Amino acid sequence: MKWDLILMAAMYTFAGVMHFIKPKAYIRVMPRYLKPRKFLVLLSGGFEILFGIGLLFEETRQLAAIGIILMLVTFFLVHFNMLRGKKFSAGVPKWILILRIPLQFVLIWWAYTYV
């Protein structure tokens, strides 16, 4: 198994676990029109864990990579919401929020390499 695949699996699994450990941090940055926000945070965390683990098995790798791509596209809602101003940014500097947009495309491409 390639090292980058293990890294990607660990990264999404860890990120998913963090949704359960620190849900308030994720709820804070979600657009208010998404309801119920806590449920969506936990749901997305569960999918991140599922997709991260799914990457480790050849039988589920392609489906997990497609799930990650769809999830990352959906997460643009949160990234653009955070760019709306200080009230929405959770204290993250604007330059980091802007840098996250092209990074998101890199993460999508990375997952696509396993489709």
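Basis of the calculations
- Residues numbered from 1 in each chain as written.
- Predicted model: local features only at pLDDT ≥ 70, side-chain atom pairs only at ≥ 80, totals over all residues.
- Heavy atoms only, no water.
- Helix = DSSP H or I, 4+ residues; strand = E, 2+ residues; numbered from the N terminus.
- Core = buried A, V, L, I, M, F, W, Y, C linked by side-chain atoms within 4.5 Å.
- Buried < 20%, exposed > 50% of the residue type's maximum accessible area, 1.4 Å probe, protein only.
- Contact = heavy atoms within 4.5 Å.

Caption draft 1: Structural view of unusual backbone geometry. In this model, K35 is joined to P36 through a cis peptide bond whose omega is -20 degrees. Inspection of the secondary structure assignment puts P36 in the loop between helix 2 (23–29) and helix 3 (37–54). Of note in this structure, A90 is not a glycine but carries a positive phi near 55 degrees. Turning to its location among the elements, A90 is positioned in the loop between helix 4 (58–82) and helix 5 (94–112).

Caption draft 2: Geometry of the nonpolar core. With 20 residues, the main nonpolar core has M8, Y12, L55, I68, M71, L72 and Y114 as its most contacted residues. Looking at this core, the elements with two or more residues in it are helix 1 (3–21), helix 4 and helix 5. Looking at this core element by element, the count peaks at eight residues for helix 4. Discounting chain neighbours no more than four positions away, the residues touching I68 are M8, Y12, F51, L55 and A111.

Everything listed here is a matter of geometry and, on its own, says nothing about what the molecule does.
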